Every structure is written in structure tokens, then in C-alpha cells.
Amino acid sequence: MLFRTGRWATCGIAALMLTACGGGGSSSGSGGGGGGGGNTYTIGGTITGLSASGLTLDNNGGDTLTVTSGASTFTFATKLASGASYSVTVASQPTGETCTPTSNTGTASGNVTSVVIACTANPKYTIAGSITGLMGAGLKLQYYSGGEVLAVATAATTFAFTQPVPSGTSVKMTVAAQPGFQICTPGASDFSGPIAANITTDTLSCAVATATVSLFAGSASAAPGSSDGTGSGALFNSPAGVALDSAGNFYVADYGNNEIRKITPAGVVTTFAGAGGTTFNGPAGVALDSAGNVYVADQNNNVIEKITPAGAVSIFAGSTAGNQDGTGAGAKFHGPKGIAVDSSGNIWVADSTNNEIRKITPTGVVTTWAGTGTAGNANGPGGSGGTATFSNPVGIAADSSGNLYVADHDNNEIRKIDASDVVSTFVPASAGLNGPYGVALGAAGNMYVTDSANQKIRMVTPNAVVTTLAGGTLGHNPGTGAAAQFNFPFGIVVDASGNLYVGDFANNEIRKLVP
């Protein structure tokens, strides 16, 4: 073998040595290669204790990562060049937890998996306070969006949320639902901000909201009539009872026209049954069952009539004037006025001239539920052999617990008949009622009464506290509170939104009341 000598030989030997030692090239690998300047690395780590959503991490003040509830690891999507610094921080905390980073800073020389995010549940605190002026039911409170909605008991003087709130949660008491015809307002100094201790001093003040009265249909300025139309373009003649179906349509016992009128939610009035006034004779009360059948207390015909959703009319119970239990035409009434249907399909009738409350089963069997047939004002058991008495009972309403409420017109009282048929006085004459006529029950448990001779609409709480919502003088002016006028309000019904509708008998109008 021949060897060159001199400079060329030296270069050749050097080249062989470099090749054997692995030198001479440049590494350009990514994510775990050698120490060359082109390498990039991921930044991540582990998470402990995370059980809520809302955790956001940040690397170097610009690269954010949203972490899902229950995650145990994380990795930022953006890689860092070899030798670049990283700094992982918590940009937003999860709901009800505090997460703290450790081993969270350094220089990237390989994929980083050593950052630790440790999460722990925050302490939890209770929220409670006091209430003044609450009379009725339906009040609901809430402290933050998505938090517990607290239903407050009728006439409560205190409140306490049942679910503790995690420390750091931003809270401020709000009214999620007002009680019927009341306005409740949180105190000006109530706590607002991140909670860090039990709250016990929040306050809520409630006051009666007077009602604003407007015309819904009919016209007091025109002569009584029977014209169909919209709003004031329709005419009535002494509208008495009012009822509401599940679609929001109203049915009116148009007493003087001897017709049953229908009003859509938009105020469009049509004649539903009895057109021409030859079918009914002084229809005073209306009620609907769950199938949409309308029952009419046909006062001067002394019968209860049934109207199918298609408008077919038939006599359901009663015949000539009298006082007799029986089935269908075998029973007798005398001047029935008020009528209600309970959740079981039973029909309840205020048999006014007989001074009795009558029950009609869905098959037409009539019995006397309370009253002796003689006018009086005695409490006690009803039914056969009972001693309870009434004096011209007119309005009647049934609640979901099987109780009945009766407008005992001439006694100026609201009477209660419980599910076991015991009669008591719910609102005494000392409350100032004068000729109470219609009774309606709202979803929140409040009762609404047309105090006809006082020209007022009254609210009665479940604890029998009576307040005036509107009216007080005879007339037909719209307005709010005492500025509004009525002319013998008779029937009344409450819709799903808590608005009231009244058959304003002598004004020939249907009036609407809103808080």
C-alpha cells in the first residue's frame, strides 16, 4: 500500500478521523433531538384534584390552554425552541376550586412534563337573611346565574339558601320571581362580590303592587250589544262569569245577551254558543274541564249546561227550579251562579237561591256538599245532616288540594270548605268585603276577589291577608290602583302570567289588570 506524504496526506488523515468520530454534520431534529438550535419542545405536566370546569392555563403570557373538568394531564399546543424559557400560570380558576402551579418555570432543553397543577376545593359559605312585608306566595330568590333558585315560603320573614356557595364565587341576591301582585326589592347594602364568609345580613323588602287596569274587550261608552269584533269593537250586555282554557282563550257568560262569548288572547271576540239568545237564560258562570268542555251555570233556567269544544250545547244537570239531588235531569237547582271544575273533573256549583254548594260528578250525579237550604252563617260540617249555612253564595273556586273557596255574597265573607267537607270562615266580614262575587286562585296560592259593591279588586294571601289591587269608586276609568274604576265587577280569572281579567258587569266590559 502506498501513502502520500506532505499536506495532502495530513488532510486525508484528518478527514478519516472526523468521520470515525461522528463529527462534521449539523442536527436538525425536533422534539427530543440533540442540542442544535433548530429543536423544539412541548410544555406540559400533570393536574391533581380538578373536578370542575373553567380552568385556563397560560404559558409565557400568551399561549392559553382550556382544561376540561377531571383532566389529569395537560400539554400546550405551541412548542418552544431549545433554550427558550417557559412560565406556566393559572389564567382563570375553575368554579369553586383554586389551582396552584409548581415546577412551572424553566428552560426548554427537552419535552417538559414536570409542571404540576394542584387543585383543591374552595371553602363553602351559607347565605341567609330577613324579609319584611311578604304576604303571599310565589317569591323566588337566586344569588348567581346558574345557582340555586330558592322558593320562599308564604309570608316568610327569613330566608336561607340550602346549598352552600364556594369561596370566591361572585354573589348578589336577585329576585327570580315576584309573588303575585307584590314587588320585593333587595336591600341597598346587601352583599355583592366574591363570597369569603357566611352571609346572614341580607334583607328583602316587599310591598303590595297596585294593579294597572285597562280595557280588554267591550265598550262602556256604547250601548249594550252583542257585536263580535276586536277589543272595543266588540259589545257585551252585562258580562258576568269569566273562564280561561289551556290555550289562553277566554269564555264569558254574557248574561244580558244570553250568550257565551269567546275572546282570543289578542282580544278578538266571537259568539261561541247561544247566538241570538234563545238557548240560555241569564248565564252567570262558566268553567272548563281538561277536555275543553265548557260548563255554564244557566241561572234563570236553573240548569247546568255543557258545551263541547265544537259548540254543541246540552243540559248536563237540572230541570226546573227546586232543591233535589239526583242524576242529570233528576236533579234540581235554583238560581245557580258560580261554577268550578276540579282536577278530577267534578263540577262544583254555587246554588245561590238554595244557599247550598252542590257537587256534580263527571257522570252527572248531583249531591249537596254543604249548606242546609236555609240562609245563615254557621260553620261546621257540610253534607247530609250538616249544620253549615250560607247566604247567597255566588262565586266558587277549587284548589289542587281539594279545598273549595266560596264568595258568600250576603254574608260579606269568603268561606272555605276543606276536602273533608268542613266549612269555615276564611275571610271574615270584618275584612271589609261588601258583596264579594267572583273568586279566582293564582298559581302562587293567592286568591283574587271581585268586591262588587265596593267596586274593588282584592287580593287575599294564603294567610287570609286582604289588600286592594285596584278600584274603589263607581265608574269606568282605566288607571292604576285607586284611580281605576269599576261598575259592579263580577267574574274574575287569572292567566298563566298572573294577569287578571274581570267581567265588569254594568260597564259591559272585560277589564285586564297587570301588576
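Structural notes, computed from the coordinates. If you're wondering where the values come from, they're calculated on a predicted model, not measured in any experiment.

1. Some points on the packing of aromatic side chains
Consideration 1: Overall, the coordinates contain 14 aromatic pairs when judged by the stated rule.
Consideration 2: An aromatic cluster is present here, built from Tyr255, Tyr437, Phe490 and Phe505 joined pairwise through their rings.
Consideration 3: Lying over the aromatic face of phenylalanine 236, arginine 261 brings its terminal NZ or CZ to 4.9 Å of the ring centre.
Consideration 4: In this structure, arginine 358 packs its charged tip against the face of phenylalanine 333, placed 4.9 Å from the ring centre.

2. What about the layout of surface pockets?
Consideration 1: As a volume, the second largest pocket reaches approximately 240 Å³.
Consideration 2: Along its surface, the second largest pocket is lined by 18 residues, and Gly180, Ala444, Tyr448, Ser497 and Gly498 are the ones closest to its centre.
Consideration 3: When its residues are assigned to classes, the lining of the second largest pocket shows nine nonpolar, eight polar and one charged.

3. Quick look at the pattern of salt bridges
Consideration 1: What the rule picks out here adds up to nine salt bridges.
Consideration 2: Among the ionic pairs, aspartate 228 bridges to arginine 261, the shortest N-O distance being 3.1 Å. With aspartate 228 in the loop between strand 22 (212–218) and strand 23 (229–230) and arginine 261 in strand 26 (residues 259–263), this pair connects stretches of sequence that are 33 residues apart.
Consideration 3: With a shortest N-O distance of 4.0 Å, arginine 358 and glutamate 356 are connected by a salt bridge. This pair shows no difference in class: arginine 358 is buried, exactly as glutamate 356 is.

4. Some thoughts on the sheet that holds strand 27 (residues 268–273)
Consideration 1: Sheet architecture is open: five strands sit in the order 23-27-26-25-24, paired in antiparallel fashion. Two strands in the sheet have a free side with no partner beyond their single neighbour: strand 23 and strand 24 (239–244).
Consideration 2: By the bridge criterion, four bridges tie strand 26 to strand 27 in an arrangement that is antiparallel. Along strand 27, the bridge assignment pairs lysine 262 with threonine 270.

5. Some thoughts on the pairing of strand 41 (residues 422–427)
If a strand is regular, its side chains alternate between the two faces of the sheet.
Consideration 1: Where strand 37 (residues 380–381) and strand 41 come together, two bridges link them in antiparallel fashion. Across the sheet, the residue bridging to proline 381 is valine 422, located in strand 41.
Consideration 2: Of the strand pairs in this sheet, strand 40 (residues 413–417) and strand 41 are connected by four bridges, and their pairing is antiparallel. For lysine 416, the partnering residue across the bridge sits in strand 41 and is serine 424.
Consideration 3: Counting the residues that bridge the hairpin from strand 40 to strand 41 gives four residues, and of these aspartate 421 lies at a positive phi of roughly 70°.

6. Thoughts on the sheet that holds strand 38 (residues 393–398)
Where strands meet in a sheet, backbone hydrogen bonds hold them as pairs that are either parallel or antiparallel.
Consideration 1: Spatially, 37-41-40-39-38 is the arrangement adopted by the five strands of the open sheet, whose pairing is antiparallel. A single partner strand is all that each edge strand has here, and the edge strands are strand 37 and strand 38.
Consideration 2: Relative to strand 39 (residues 404–408), strand 38 runs antiparallel, the two being bridged by five bridges. Following the sheet pairing, glycine 395 is matched in strand 39 by alanine 407.

7. Considerations on the pairing of strand 22
Consideration 1: When strand 22 meets strand 46 (residues 479–480), the two strands line up antiparallel, connected through two bridges. Across the sheet, the residue bridging to threonine 212 is threonine 480, located in strand 46.
Consideration 2: By the bridge criterion, six bridges tie strand 22 to strand 49 (residues 509–514) in an arrangement that is antiparallel. Counterpart to valine 213 in the pairing with strand 49 is leucine 513.

Quick notes on the rules
- Residues numbered from 1 in each chain as written.
- Predicted model: local features only at pLDDT ≥ 70, side-chain atom pairs only at ≥ 80, totals over all residues.
- Heavy atoms only, no water.
- Phe/Tyr/Trp six-rings, centres within 6.5 Å; stacked < 30°, edge-to-face > 60°.
- Lys NZ or Arg CZ within 6 Å of the ring centre and 35° of its normal.
- 1 Å grid on protein atoms, 1.4 Å probe; cavity = no way out; pocket = protein on both sides within 12 Å on 5 of 7 lines; lining within 4 Å.
- Points joined across faces, edges and corners; volume = space filled by probe spheres on them.
- Nonpolar A, V, L, I, M, F, W, Y, C, P; charged D, E, K, R; others polar.
- Salt bridge = Lys/Arg side-chain N within 4 Å of Asp/Glu carboxyl O.
- Helix = DSSP H or I, 4+ residues; strand = E, 2+ residues; numbered from the N terminus.
- Buried < 20%, exposed > 50% of the residue type's maximum accessible area, 1.4 Å probe, protein only.
- Pairing = 2+ DSSP bridges.

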